[in-house]
Structures are given as C-alpha cells and as structure tokens.
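Residues per chain are reported as follows:
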Amino acid sequence: MFSAITTSALLIAAAQAKLKVLSPPSLASQFKEGVITASYANFGFIPYGQTIMGKIHYDVNDSEACEEFSLDDKNELERSADITPFYIAKRGGCSFVQKVRNMENIGVAVGIVVDDKAEYIQNILMSDDGTGGGIRIPSMLISKPDGEVLLEWLANASPSEK
C-alpha cells in the first residue's frame, strides 16, 4: 500500500523553474526564502506563468517511482483530492519519462525528481527518452542537497506539520 507522507503547501512559481515552500514554517525555513531551484523536463506540460499549489506525496518503499502504482495508491491520492497532489521520487532505476508517466497515471499533477549527484541543477536536463509525447503534467529535477533536506523533513515531521 502507498505509504505517502505529505507536507502542507508547496508553490511552483513556474516561470522561474523553482519550487517555493509556503508552509509549514519548519520546512520553509530550511531553504533560502523558501525557494528550491529546479530544472524543467523537456517533455510534458511546462506551466509558464502559472502557479500550482499542492501537497507532496512520497513512497519510501518505491523511492524511485519506477514501478507502476496500484489502485490503492491512486485511491490514496484521491482521498486528499481537495489539495493538488505532487509526487517526489529519487533519480535512477528508470528513465525520467517512466517515473513521470507512473506519477501521472495515479493522478499526480506535478512530478518532482531528486538528482542523485551533487551537481549544478540548472545544467541538467530531464530528457525525453522518445516516449514522453503523451505526458501532460509538468515535472522537474531538484538538486540532491535540496532533495535530501526535503526528504529528511518528510521522514521526521510531526503529523500536525504534515
């Protein structure tokens, strides 16, 4: 079963390819001005000029999101349908397109992938593997250090913070 851990709100300030953590303060304070730099994928929808707010979901048992999710996973997201679902996964194990397709298939609105190397994220492109033409959701890559902070917070936050 989907062991989603959720946070309060994240805001994607789409035109600048960044995530902005709005709440809870215990997470937002871990990033300069609450901002996480990101790099958009070259497939799927890119929400230029739009803002999307949502809750992050993460499955510690499928941290790379390479396996198709089950109906239970989709139901878990639907139970929190009043808030747009984002999903975070670690890089590796399969293509970026496969990860994002798996996320989209269970109703995720934004896919976030954490890089597996400490590198300048704006020089990295989440490339289409040739099969990403039908993907309709935005996705982005964030740095390994920022991703580790986010995942650590998710693992240790109190239920009231989530």
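Let me begin by describing the structure that accompanies this report. Being a predicted model, the structure only gives us computed values, none of them experimental.

Here we look at unusual backbone geometry
- Ser23 connects to Pro24 through a cis peptide bond whose omega is 0 degrees.
- Inspection of the secondary structure assignment puts Pro24 in the loop between strand E2 (18-23) and helix H1 (25-28).
- Despite not being glycine, Glu33 has its phi angle at roughly 55 degrees, a positive value.
- If you trace the backbone, Glu33 turns up in the loop between H1 and strand E3 (35-40).
- For Glu33, a relative accessible area of 64% puts it in the exposed group.
- The phi dihedral of Ala65 is positive, around 55 degrees, even though this residue is not glycine.
- Within the element layout of this structure, Ala65 appears in the loop between strand E4 (51-57) and helix H2 (71-79).

As for the state of the cysteines
- The full count for this structure, using the stated rule, is 1 disulfide.
- The disulfide that involves Cys66 links it to Cys94, with 2.2 Å between the sulfurs. Here the S-S torsion is close to -90 degrees, and the disulfide linking Cys66 with Cys94 is therefore left-handed. Of this pair, Cys66 sits in the loop between E4 and H2 while Cys94 sits in the loop between strand E5 (85-90) and helix H3 (96-105), and the two are 28 residues apart along the sequence.
- For Cys66, a relative accessible area of 17% puts it in the buried group.

Overview of the pattern of salt bridges
- Counted according to the given criterion, the structure contains 5 salt bridges.
- One network of salt bridges, in which partners are shared, links Arg91, Asp115, Asp116, Lys117 and Glu119.

Some remarks on the nonpolar core
- Membership of the largest hydrophobic core comes to 24 residues, with the highest contact counts inside it found for Ile36, Ile88, Ile112, Met140, Ile142, Leu150 and Leu154.
- Secondary structure elements with two or more residues in this core: E2, H1, E3, E4, E5, strand E6 (110-114), strand E7 (139-142) and helix H4 (144-156).
- Here this core gets 4 residues from one element, more than from any other, and that element is H4.
- Here Ile36 is in contact with Lys18, Leu19, Val21, Phe31, Ile142, Asp146 and Leu150, once residues within four sequence places are set aside.

Some details on H3
- Along H3, 7 of the 10 residues are buried, which leaves the element largely enclosed by surrounding structure.
- Taken residue by residue, H3 has Phe96, Val97, Lys99, Val100, Asn102, Met103 and Glu104 as its buried positions.
- One or two steps after H3, the chain reaches Gly107, where phi turns positive at roughly 100 degrees.

Focus: the environment of Val21
- Inspection of the secondary structure puts Val21 in strand E2.
- Once the C-alpha coordinates of Val21 and Glu33 are considered, the two residues, 12 residues apart in sequence, prove to be 8.6 Å apart.

Details of the pairing of E7
- Across the two faces of E7 the burial is the same, with Ser139 and Leu141 and Met140 and Ile142 all buried.
- Across 3 bridges, E3 lies against E7 in antiparallel orientation. Residue pairing across strands places Tyr40 opposite Met140, the latter belonging to E7.
- Bridge count for E6 against E7 is 4 bridges, and the pairing is parallel. Bridge assignment links Ile112 to a residue of E7, and that residue is Met140.

Conventions used here
Residues numbered from 1 in each chain as written. Predicted model: local features only at pLDDT ≥ 70, side-chain atom pairs only at ≥ 80, totals over all residues. Heavy atoms only, no water. Helix = DSSP H or I, 4+ residues; strand = E, 2+ residues; numbered from the N terminus. Buried < 20%, exposed > 50% of the residue type's maximum accessible area, 1.4 Å probe, protein only. Disulfide = S-S within 2.5 Å. Salt bridge = Lys/Arg side-chain N within 4 Å of Asp/Glu carboxyl O. Core = buried A, V, L, I, M, F, W, Y, C linked by side-chain atoms within 4.5 Å. Contact = heavy atoms within 4.5 Å. Pairing = 2+ DSSP bridges.

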